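The residues making up each chain are set out below.
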Amino acid sequence: MKGLKEKTFRGAVHLGWATLVSRVLSVVSGIILARLLDPVEFGLVSLCYIVLSVVSLLAPLGMSTALIRYRGENPDKASFQVFVWVMTTGTVFFLLVLLFTDQLANLLGNPSLSTILPWMALLILIDMVGRAPEALLERNLEFRAMSRIQITSEFSFVVVSIGLALGGWGVWSLVGGHLARALTGTILCIAGHKGKEWFTPKRWDWQIHKDLMRFGIRSVASNAVNRFYLNVDNFVVGRELGA
């Protein structure tokens, strides 16, 4: 028990440090990008994140969070089922975004979104691929690895977005930066978790699925309010800057 508490404390320190470094990188890159890009371009990306935020909440239905808390007898099978679930639902939502891109752009009040939203939607698939290994890292208290992933991912956004902005790519520098950050994080999560039990096919167990779903839906309900307020901010910023 003492060893677990010590590991948890050290993990909290690592994550706290990683969050601080990531925030500093975010602020610095934000200042630089604000000098290189038009406010309208920031507004367009903010509007895209309204769609992506809703999808990231609804598609996995809290299954990755449920995997972290799972206390059943077969965590390997549970991790595989979470991977299958989030990839299936993530792909469905990705295709829906592609199919209704124009309608979503009009709903958000900016038809220009129809150009960049399909590319930003790739974040859905990238995110879903990394959900299971990321959850397993947290489940196994691999906080040092998680902190390195967080910092490296943020650094990749800084390098790619600023590099593209200096090259005159406009809003695509932000799109490229977000894709680079997500892709880096997913690759490092997969590499950081040594096991591949989440990817190895196993016989489906509906009882495990029900247990995961029961906890997942509760976590979605608890996060819905926070997502709502976040999306209100994105909507206001996006409509004001993206007009």
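Residues numbered from 1 in each chain as written. Predicted model: local features only at pLDDT ≥ 70, side-chain atom pairs only at ≥ 80, totals over all residues. Heavy atoms only, no water.

A. Representation of a positive patch on the surface in the model. A cluster of basic residues, Arg144, Arg148, Lys194 and Lys196, forms a positive patch on the protein surface. Structurally, arginine 144 is set in helix H8 (residues 143–166). (Patch = residues over 30% accessible without salt bridge, like charges linked within 9 Å, V, L, I, M, F, W, Y side chains within 5 Å. Areas by Shrake-Rupley, 256 points an atom, 1.4 Å probe, with all protein chains shown as cover. Salt bridge = Lys/Arg side-chain N within 4 Å of Asp/Glu carboxyl O. Lys, Arg positive; Asp, Glu negative; His and termini not counted. Charge placed at Lys NZ, Arg CZ, Asp CG, Glu CD. Helix = DSSP H or I, 4+ residues; strand = E, 2+ residues; numbered from the N terminus.)

B. Representation of the packing of H8 against helix H9 (residues 171–192) within the structure. Between H8 and H9, the shortest axis-to-axis distance is 7 Å and the interhelical angle comes to 155°. Here H9 runs roughly antiparallel to H8, going by the angle between their axes. By crossing handedness, the relation of H8 to H9 is classed as right-handed. Only Trp172, Ser173, Leu174, Gly176, Gly177, His178, Ala180, Arg181, Thr184, Gly185, Leu188 and Cys189 of H9 make contact with H8, whose side of the interface consists of Ile149, Thr152, Ser153, Glu154, Ser156, Phe157, Val160, Ser161, Leu164 and Ala165. Partitioned by chemical class, the residues of the contact of H8 with H9 number ten nonpolar, ten polar and two charged. (Axes fitted to C-alpha atoms, helices over the stretch in contact; angles between N-to-C directions. Parallel < 35°, antiparallel > 145°, perpendicular 65-115°, else oblique. Left-handed = near helix turned anticlockwise from the far one by under 90°. Contact = heavy atoms within 4.5 Å. Nonpolar A, V, L, I, M, F, W, Y, C, P; charged D, E, K, R; others polar.)

C. Molecular detail of the environment of leucine 141. Secondary-structure assignment places leucine 141 in the loop between helix H7 (122–139) and H8. Considering only alpha carbons, one finds leucine 141 and isoleucine 68, 73 residues apart in sequence, at a separation of 9.8 Å.

D. The arrangement of unusual backbone geometry in detail. Here the phi dihedral of leucine 61 falls at roughly 50°; this positive angle occurs in a residue that is not glycine. Inspection of the secondary structure assignment puts leucine 61 in the loop between helix H2 (39–58) and helix H3 (63–69). A residue is classified by how much of its surface remains accessible, and leucine 61, at 23% relative accessible area, is partly exposed. Despite not being glycine, leucine 141 has its phi angle at roughly 60°, a positive value. The exposure class assigned to leucine 141 is partly exposed, which follows from its relative accessible area of 21%. (Buried < 20%, exposed > 50% of the residue type's maximum accessible area, 1.4 Å probe, protein only.)

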